[in-house]
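The chain contents come next:
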Amino acid sequence: MSIQRLRSAAFAAFAWCALAPVAVSLSAQADAATFYVRTDGGDEEQCNGRADAPYPGSGNNVDCAWQHPNYALPTNDRPRIEGGDTLIIGPGEYMIGWESPGLSTKSTRCDRSSPYDCYPAAPPSGKPDAKTRILGAGHDTGCKAPPKLWGTNRVELVFNLQDADNVEVGCLEITDKSDCVEFHADDAVRCERDAPPFGQWGSIGIGAKNSKNVWLHDLNIHGLSGRGIMAGGLRDWTMERVRIVANGWAGWDGDVGEGESSNDGDIVFRNVEIAWNGCAERWQTGEPFACWAQEEGGYGDGLGTGKTDGHWLVEDSRIHHNTSDGLDLLYTDESKTATVVVRRVYAAANAGNQVKTAGNALIENSVIVGQCAYFHGKFDMSDGDMCRAYGNALSIGVGPKQTATVRHNTITGEGDCLILTAGGNASSRVDIYNNALIGQKDITASDGDMRSCGHYADESEAQVTFAGNAFWDVKDDMCPPGNVCGREPKIASIAMATFDPAPLTGSPLIDHATQHTSVTSDFLRQLRPMGAAPDIGAIEYQGGQAAPAAGTAPDASKATGVAPSDKAGASTDPTSSASTPTQSSGWMIGAAAAASLLTAGVAAMLRKARGRKVV
């Protein structure tokens, strides 16, 4: 995994939607203050920041807003707000970096010779029951027009959370105004780093290390030249309704340095979209171009970490069209207490593996579409980056005395195998229950007629148990006893480019999940079971109700209504049942994929002779 700090831009498949209101108290401390920033405010001498009002044109220390976040969080790293305070940033745009308003003349890190360090100070740490809050105006009314913080002049970070504890950040757009990607292989796309003028680009949207008890919500982080978020050494972080899209190197990169990257506590991703990372973004139009990955010197993971502990929960989220792996949690520390829960996740068209876990893990109610050659012949992607690590749709690593459970998912893919297991010994278990496993043509094979395999154990002695699954069109017609074998699944669409896992009337998936589980809802949060028994796969057939539209994904812009305080129970128990089911027309597999699962047009087969990705 690369640890350079780099930059991006890529195609957002759909516009950022208005986000659901978030109800929060202003402060648990009676002495906490609220400060304001607005584009018509004044500087630190003219205004004290204590009123949501413009600078009147004369006077000092007036009750009016500051003109820029730099006045609240100066680059001399001595904030003018205190822990537990709230900073409300008004509508409009705020340039972050050298030449932006309010740069401190006494900063030891920001000057003309080091413009990359001209980012605001981190918010002062709050207390567990009284977070410091940095919020866009409208955060409490749906966040329909979030203020934009945009990086310029090669600034390293747009938003700084280094050493920040007990902080809430919400209702912001974080981006830059350049099409370039840092260190890109194409000279025409590469950012200028060596001499000014550098241009209006920033490297990382949010940077954090040694930070705990942070809540990020209602954020749109896109088009950065490097990473959307680069964060490690975290404890108890929650991301809700966060969009990390089209950042030139990676979406979330958790490798912040050897010995500093491991996380702890509950790391929660809920209603998150991570997409098109490893691509450049035309900042004015959102047009995708210059997508690249590791063979050309880039990276491209949607989410990747260094070696990490912690209880990871990723639910109700979309992870798609990243130029390497989608969700890469293969580096969870098997020697510690790390757990991974992946629930109601739509992972599709990532160029490597769609989902990777290690250690004690639960993958349930998810739709995993291993269209790993989506980028073939597109942009700056090389054949060597198609279906990296053989394009296995789901990759699971286990250690001694650890258990991974894979249940009620629909998994398809055009790579080597649908499920790969690795590691462990005779004390390790992998339980694969009630999944629809649908093979496709294996484009990594030298034999043009070979199908993707259902499961492969890679130098693993772990005990793998199959029960209640449906196998269709997989290599060598694999189908252990106790599973539905050789019956066409009859779903809305089986083709890779339009894959829709909704069972149709007469599908053998309906009422045939024989392995008892505690799962009481499905990928769409519909009630499970609806008939005599639960259905196989991610979606429970609803009888006469209309099937979901083809090609949609869970909508990361829709709120679940779950407060961050509820996160711990969900993530620390990897065998817990799904939350109370509700009907929601927002949970379709299609509007997203209609826009983003474009016709693949994959005609060429890739050579299987190339080596596996080192993991």
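Worth saying up front: this structure is predicted, and the values here are computed from it rather than measured. (Residues numbered from 1 in each chain as written. Predicted model: local features only at pLDDT ≥ 70, side-chain atom pairs only at ≥ 80, totals over all residues. Heavy atoms only, no water.)

Undergrad: Mind laying out the overall build of the protein, listing which residues take part and the relevant values?
TA: The secondary structure content of the protein amounts to three helices and 32 strands. Within the protein, the fraction of its 615 residues that count as buried is 62%. Sequence separation of 24 or more characterises 75% of the internal contacts of the protein that already satisfy a separation of 6 or more. (Helix = DSSP H or I, 4+ residues; strand = E, 2+ residues; numbered from the N terminus. Buried < 20%, exposed > 50% of the residue type's maximum accessible area, 1.4 Å probe, protein only. Contact = heavy atoms within 4.5 Å.)

Undergrad: Describe the packing of aromatic side chains, listing the residues and the values that go with them.
TA: The description of two aromatic rings rests on the distance between their centres and on the angle between their planes. One pass over the full model with this rule turns up ten aromatic pairs. With centroids separated by 6.1 Å and ring planes inclined at 90 degrees, the aromatic side chains of Trp 237 and Trp 252 adopt a geometry described as edge-to-face. Of the two residues, Trp 237 is situated in strand β9 (residues 227–245) and Trp 252 in strand β10 (residues 250–254); the sequence distance between them amounts to 15 residues. Neither residue differs from the other here; Trp 237 and Trp 252 are each classed as buried. Judged by centre distance (6.0 Å) and plane angle (80 degrees), the ring pair of Trp 276 and Tyr 374 falls under edge-to-face. Here Trp 276 is found in the loop between β11 (264–275) and β12 (280–281), whereas its partner Tyr 374 is found in the loop between β20 (367–370) and β21 (394–397), with 98 residues between them in sequence. (Phe/Tyr/Trp six-rings, centres within 6.5 Å; stacked < 30°, edge-to-face > 60°.)

Undergrad: With reference to specific residues and values, describe the state of the cysteines.
TA: With the rule as written, the count across this model stands at eight disulfides. A sulfur-sulfur separation of 1.9 Å characterises the disulfide bridge that pairs Cys 47 with Cys 64. Classification of the bridge connecting Cys 47 and Cys 64 rests on its S-S torsion, roughly -95 degrees, and on that basis the disulfide is left-handed. With a gap of 17 residues between them, Cys 47 in the loop between β1 (34–42) and α1 (69–72) and Cys 64 in the loop between β1 and α1 connect regions that are remote in the sequence. Relative accessible area serves as the criterion here: at 0%, Cys 47 is assigned to the buried category. We classify Cys 64 as buried; its relative accessible area is 0%. Here Cys 180 is linked by a disulfide to Cys 191, with a sulfur-sulfur distance of 2.0 Å. (Disulfide = S-S within 2.5 Å.)

Undergrad: Residue-level account of the nonpolar core, with values.
TA: Judged by nonpolar contacts, the single largest core of 76 residues is most densely connected at Leu 161, Leu 216 and Trp 237. Element by element, the count of residues in this core is highest for β9, at seven residues. Residues in contact with Trp 237, not counting those within four places in the same chain, are Leu 161, Ala 208, Ser 211, Lys 212, Asn 213, Val 214, Leu 216, Ala 231, Trp 252, Asp 266, Ile 267 and Val 268. Val 484, Ile 491, Phe 499 and Leu 524 belong to the second largest nonpolar core, which has 19 residues in total. (Core = buried A, V, L, I, M, F, W, Y, C linked by side-chain atoms within 4.5 Å.)

Undergrad: Go over the pattern of salt bridges, please, and point to the residues and values.
TA: On inspection of all chains with the given rule, the structure shows 33 salt bridges. Ionic pairing is found between Arg 343 and Glu 315, a salt bridge with its closest N-O pair at 3.5 Å. Of the two residues, Arg 343 is situated in strand β17 (residues 339–348) and Glu 315 in strand β15 (residues 311–320); the sequence distance between them amounts to 28 residues. Since its relative accessible area comes to 6%, Glu 315 is described here as buried. In this structure, the salt-bridge partner of Lys 356 is Asp 328, at a minimum N-O distance of 3.9 Å. Taken together, the residues Lys 356 in strand β18 (residues 355–358) and Asp 328 in strand β16 (residues 327–329) connect sequence positions 28 residues apart. Of the two residues, Lys 356 and Asp 328, both sit in the buried class. Linked by salt bridges that have partners in common, Glu 240, Arg 270, Glu 315, Asp 316, Arg 343, Arg 344, Glu 364, Arg 407 and Arg 525 make up one network. (Salt bridge = Lys/Arg side-chain N within 4 Å of Asp/Glu carboxyl O.)

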